[in-house]
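One letter stands for each residue in the lines below.
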Amino acid sequence: MLGYYNKLSSEVYDLGKYIGLSFGDVEFYYDRLASCKGTILEPGVGTGRILIPLLEKGLKVEGFDVSADMLEICRNNCKKRGLNPKLVEAKMESFSLETKYEAIIVPTGTFLLLHERKDSIQALKNFYHHLANGGRLIIDTFLQTDLTKDNGSTRTWETKDGDMITLESKITEVDYINQHTISHNRYEKWRNGLLLQTELECFPLRWYGVEEFKMLLEQIGFEDIVVSADYQYGQYPTKANQTITFEAVVNKK
Ligand SMILES: C[S@@+](CC[C@H](N)C(=O)[O-])C[C@H]1O[C@@H](n2cnc3c(N)ncnc32)[C@H](O)[C@@H]1O
């Protein structure tokens, strides 16, 4: 399968979802983590959109990502702000780090990129293993409300050099049994009408029922699970388009 979050895709993420932009997630995650004295881990750290404001508020946060391009942008974004957090290249389903974390956070639906059931279970077990006793996992999911295939959309961004990046996206596969879609994202970078660069991304996305995901967490061993909708702590979701956040505690007896 083709990869995702390569060069152009990462550039677009940093342009569209720049540091300082919040969907309510930055404030929510800070509120939930404010009492942490120990180290927090953000798998799928991306460009640092969540990590950087948390560091600037004085929290100890480390991150990892599977994409070298995203990590390069993250390191630059941190450097510009005088920050130097530990950032490594690793995968959620196979990472192995020395630290036992006080919290692990996976905002923005990043976890849904693990579209194979075995990988997502492995990643949850891995999170559990890397949390200290009493530590918390806070993780976002969302549902997919439009599963129409081959229905394309186009978006554009302007870079600071005045180039234009276009993105054409469409869902090419819907697997109802295994609960995932695959989309093709075609990025193109243009200067004065001339094509400079192009990139094709194969973008998987899984979905989970709310109670299904809660049971999965319980099966792994997590306890005291609180479900929130649209970053309102403890408010159970009522609409299909809401962001759903699970907070779960590790209690190793
Ligand atoms: C939607 S971005 C989120 C970035 C950041 N957390 C934020 O909220 O802005 C998802 C990130 O997860 C990374 N990612 C996807 N699959 C991964 C995996 N299996 N292991 C580690 N990182 C992964 C991608 O490379 C990308 O940087």
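See the structure above.
About the cut-offs
Residues numbered from 1 in each chain as written. Predicted model: local features only at pLDDT ≥ 70, side-chain atom pairs only at ≥ 80, totals over all residues. Heavy atoms only, no water. Near = heavy atom within 4 Å. Polar contact = N/O pair within 3.5 Å; in protein donor to acceptor, adjacent residues only side chain to side chain. Areas by Shrake-Rupley, 256 points an atom, 1.4 Å probe, with all protein chains shown as cover. Nonpolar A, V, L, I, M, F, W, Y, C, P; charged D, E, K, R; others polar. Pairing = 2+ DSSP bridges. Helix = DSSP H or I, 4+ residues; strand = E, 2+ residues; numbered from the N terminus. Axes fitted to C-alpha atoms, helices over the stretch in contact; angles between N-to-C directions. Phe/Tyr/Trp six-rings, centres within 6.5 Å; stacked < 30°, edge-to-face > 60°. Buried < 20%, exposed > 50% of the residue type's maximum accessible area, 1.4 Å probe, protein only. Core = buried A, V, L, I, M, F, W, Y, C linked by side-chain atoms within 4.5 Å. Contact = heavy atoms within 4.5 Å. 1 Å grid on protein atoms, 1.4 Å probe; cavity = no way out; pocket = protein on both sides within 12 Å on 5 of 7 lines; lining within 4 Å. Points joined across faces, edges and corners; volume = space filled by probe spheres on them.

**Here we look at the site of the ligand**
Phase 1: By nearness alone, 22 residues border the ligand, and Y13, E42, G44, D65 and T108 come closest of all.
Phase 2: In this structure, Y13 approaches the ligand through a side-chain N or O atom, which is 2.7 Å from an oxygen atom.
Phase 3: For the ligand, a nitrogen atom lies 2.8 Å from a polar atom in the backbone of G44.
Phase 4: Against a free-state accessible area of 590 Å², the protein chains account for coverage of 98% of the ligand.
Phase 5: For the shell around the ligand, the class distribution of residues is 12 nonpolar, 5 polar and 5 charged.

**Observations regarding the sheet that holds strand β5 (residues 131-141)**
Phase 1: Reading across the sheet, the 7 strands line up as β3-β2-β1-β4-β5-β11-β10 and stay open at both edges, with mixed pairing between neighbours. Looking at strand neighbours, the two that pair on one side only are β3 (87-89) and β10 (223-229), the edges of this open sheet. Across the sheet, the mean angle from the axis of one strand to that of its neighbour is 15 degrees, orientation sign disregarded.
Phase 2: Bridge analysis of β10 against strand β11 (residues 244-249) gives 5 bridges, and the strand direction is antiparallel.

**Quick notes on the sheet that holds strand β9 (residues 194-206)**
Phase 1: Judged by pairing direction, the sheet is antiparallel, and its 4 strands sit side by side in the order β6-β7-β8-β9 without closing on themselves. In the strand order of this sheet, the two ends are held by β6 (153-158) and β9, each with one partner. Within the sheet, the average angular offset between the axes of one strand and its neighbour, ignoring direction, is 20 degrees.
Phase 2: Bridge count between strand β8 (residues 180-191) and β9: 12 bridges; the pairing is antiparallel.

**Focus: the packing of aromatic side chains**
Phase 1: Summed over the entire model, instances satisfying the criterion amount to 16 aromatic pairs.
Phase 2: With 6.1 Å between their ring centres and 40 degrees between their planes, F95 and F127 make a pair best called tilted. Within this pair, whereas F95 is found in the loop between β3 and β4 (101-106), its partner F127 is found in helix α5 (residues 117-130), the two being separated by 32 residues in sequence.
Phase 3: Looking at F95, the relative accessible area reads 3%, which means it is buried.
Phase 4: Residue classification places F127 among the buried positions, given a relative accessible area of 0%.
Phase 5: Aromatic pair Y208 and F213: ring centres 4.9 Å apart, planes at 70 degrees, arrangement edge-to-face.
Phase 6: A residue is classified by how much of its surface remains accessible, and Y208, at 2% relative accessible area, is buried.
Phase 7: Take F213: its relative accessible area is 0%, and that puts it in the buried class.

**Describing the nonpolar core**
Phase 1: Formed by 38 residues in total, the largest nonpolar core has its most connected members in F111, L124, F127 and L137.
Phase 2: Those elements that place two or more of their residues in this core are β4, α5, β5, β9, α6 (210-220), β10 and β11.
Phase 3: Residue contacts for L124: discarding those within four places in its chain leaves F111, L137, I139, F213, L216, L217, I220 and F222.
Phase 4: Residues C36, L54, V61 and C78 belong to the second largest nonpolar core, which totals 24 residues.

**Some words on the layout of surface pockets**
Phase 1: Its boundaries defined by the atoms lining it, the second largest pocket holds a volume of some 450 Å³.
Phase 2: Along the walls of the second largest pocket sit 16 residues, with E11, D14, L15, I73 and K160 positioned nearest its centre.
Phase 3: Elements with a minimum of two residues in the lining of the second largest pocket: α1 (7-16) and α4 (68-80).
Phase 4: For the lining of the second largest pocket, the element with the highest residue contribution is α4, accounting for 6 residues.
Phase 5: Taken together, the residues of the lining of the second largest pocket break down into 2 nonpolar, 4 polar and 10 charged.

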